[in-house]
Every structure is written in structure tokens, then in C-alpha cells.
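The lines below spell out each chain.
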Amino acid sequence: KAGVTQTPRYLIKTRGQQVTLSCSPISGHRSVSWYQQTPGQGLQFLFEYFSETQRNKGNFPGRFSGRQFSNSRSEMNVSTLELGDSALYLCASSFSGFGNTIYFGEGSWLTVV
Amino acid sequence: DQQVKQNSPSLSVQEGRISILNCDYTNSMFDYFLWYKKYPAEGPTFLISISSIKDKNEDGRFTVFLNKSAKHLSLHIVPSQPGDSAVYFCAASAKDGTASKLTFGTGTRLQVTL
């Protein structure tokens, strides 16, 4: 069965621009969450969606937003990009998000210049 | 406030020997723990998990031990193989409304030498 798929894998953006990242979860998984990995802060939780509703949110500014579609696919958006937003953005999916194994995609590498 | 801690940033083990990676947590609401293996520029790969109702879980060469009173868990890899060289992350989720959120440790880089 196909794993979590993220697109694009690599992208370069300029400060002030916005970016949209896409994630297709494992078939049958309804919970999709997003994480940011940076060398200084490690892996940090951004938000989680279940049945098109944001169920949990991490401590990130409002420039970071997301949504989930009826087919469980998800997108995250970062507006007004800052240099510090350069990171590996990871999408993860699980069946329900509670006590289930959470599987990660390969990630989207964002570089802000 | 680092709720999940991996105090050893790196570990070097000879091929064939046992690798023991440790993780400590502070949040008593954590009740589900996972270990992930990660290569650079790739997503974490799930290895093994354990629920707080257990104190041990085995899957092939990987065994996770949970000591709830000490708020400590460990991952044992036996025997260690060169392909095990990677960064290992411990992660935890809570039984409250944030159960879908994983809190990660800072990782331990394991190097398995020949």
C-alpha cells in the first residue's frame, strides 16, 4: 500500500512570498498532521486535521495554516515567508490519530532566500 | 520545556553488539510511545511503539522497554547492523485531547561500526 506522499519535495522561495505544500495520506487514514524539522528546534508539531477539521495546533504563528479535504488529502500554507521558515516540512498520517502508529512522508524541503 | 529528552546525542556500537538508546519524559499524561529512525533529508521511519499498559514490546531485532515509574523508555537493537546507522527519535503522545500530537526528543545518532 502506498505511503504518505508529499509534493513538492524541494522548493526555493523568496522572503515575503507564500508557499503551499501538499500531502496525500495512506489510504484509509483520516488523521493528517504536519511537522517542521529544523536543526535548532528539532521536530515540532504544527497542526493536525481529522475529517476536514483542525483538531490540534502547535505553537506556530498564524502565518502557518492548513486544511484537509474530504478525501483526507491535506495542504499546508505558509504566508509572508521568513528566512527562519527554511526547514523540512513533514506530513504524517494515521488511522485516527489516537494511539495509532503515525507514518511520515519523505518531507518537503523549503529554502527561503 | 523539553518534555521528551534523549540525553545522548550520539552512540557508537560495533556490528553484532547491542545498541541501547534511551529516552526520558516528564509529562505524566503521555501514554503512547514510538521510536522512529531517520536518515538525512528523509521522513522518519516508524520502528516500534509501546502503550503505557505494557512494559515491553518486541519486533524482530527491536525491543522497547517502558518504565513508567521512572518515566523512562529504551530501545534495544540486537544484533546491531551497519544499516542501523541513522538518527533515532523517541516520540510520545498524551491521553488527553492532544493525543494526535507527537512530542519528539532531540534524537540520538547511532553509528554501527564494522
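Before reading further, recall that the structure is shown in the block above.
An account of the accompanying structure is given in this report. (Residues numbered from 1 in each chain as written. Chains lettered and ligands numbered in written order. Predicted model: local features only at pLDDT ≥ 70, side-chain atom pairs only at ≥ 80, totals over all residues. Heavy atoms only, no water.)

Concerning the overall build of chain B
Helix and strand counts for chain B come out as 0 helices and 11 strands. For chain B, the N- to C-terminal ordering of α and β elements is β-β-β-β-β-β-β-β-β-β-β. At 14 Å, chain B has a C-alpha radius of gyration in line with the 13 Å of a compact globule built from 114 residues. On the principal axes, the C-alpha backbone points of chain B span a range of 45 × 30 × 20 Å. Counting only residues that meet the buried cut, chain B has 46% of its 114 residues in that class. The contacts in chain B between residues at least 6 apart in sequence include a share of 55% that link residues at least 24 apart. Charge separation in chain B, taken as the distance between the mean sites of 12 positive and 10 negative side-chain charges, equals 2 Å. (Helix = DSSP H or I, 4+ residues; strand = E, 2+ residues; numbered from the N terminus. Rg over C-alpha atoms; globule rule 2.2 N^0.38 Å. Buried < 20%, exposed > 50% of the residue type's maximum accessible area, 1.4 Å probe, protein only. Contact = heavy atoms within 4.5 Å. Lys, Arg positive; Asp, Glu negative; His and termini not counted. Charge placed at Lys NZ, Arg CZ, Asp CG, Glu CD.)

Observations regarding the side chain of S52 of chain B
Residues and elements named next belong to chain B. By secondary structure assignment, the location of S52 is in the loop between β5 (45-51) and β6 (56-59). Its relative accessible area of 18% is what places S52 among the buried residues. Those residues within four positions of S52 in sequence are excluded, and the remaining contacts are D31, L66 and K68.

Brief notes about the state of the cysteines
Summed over the entire model, instances satisfying the criterion amount to 2 disulfides over all chains. Covalent S-S linkage joins C23 of chain A and C91 of chain A, the inter-sulfur distance amounting to 1.8 Å. Torsion about the S-S bond of the C23 of chain A and C91 of chain A cystine: about -65 degrees, corresponding to left-handed handedness. Separated by 68 residues along the polypeptide, C23 of chain A in strand β3 (residues 19-24) and C91 of chain A in strand β9 (residues 87-94) bring together distant segments of the chain. C91 of chain A gets classed as buried once you look at its relative accessible area, which sits at 0%. What pairs with C23 of chain B in a disulfide is C90 of chain B, and their sulfur atoms sit 2.0 Å apart. Between C23 of chain B and C90 of chain B, the disulfide has an S-S torsion of -70 degrees and is therefore left-handed. (Disulfide = S-S within 2.5 Å.)

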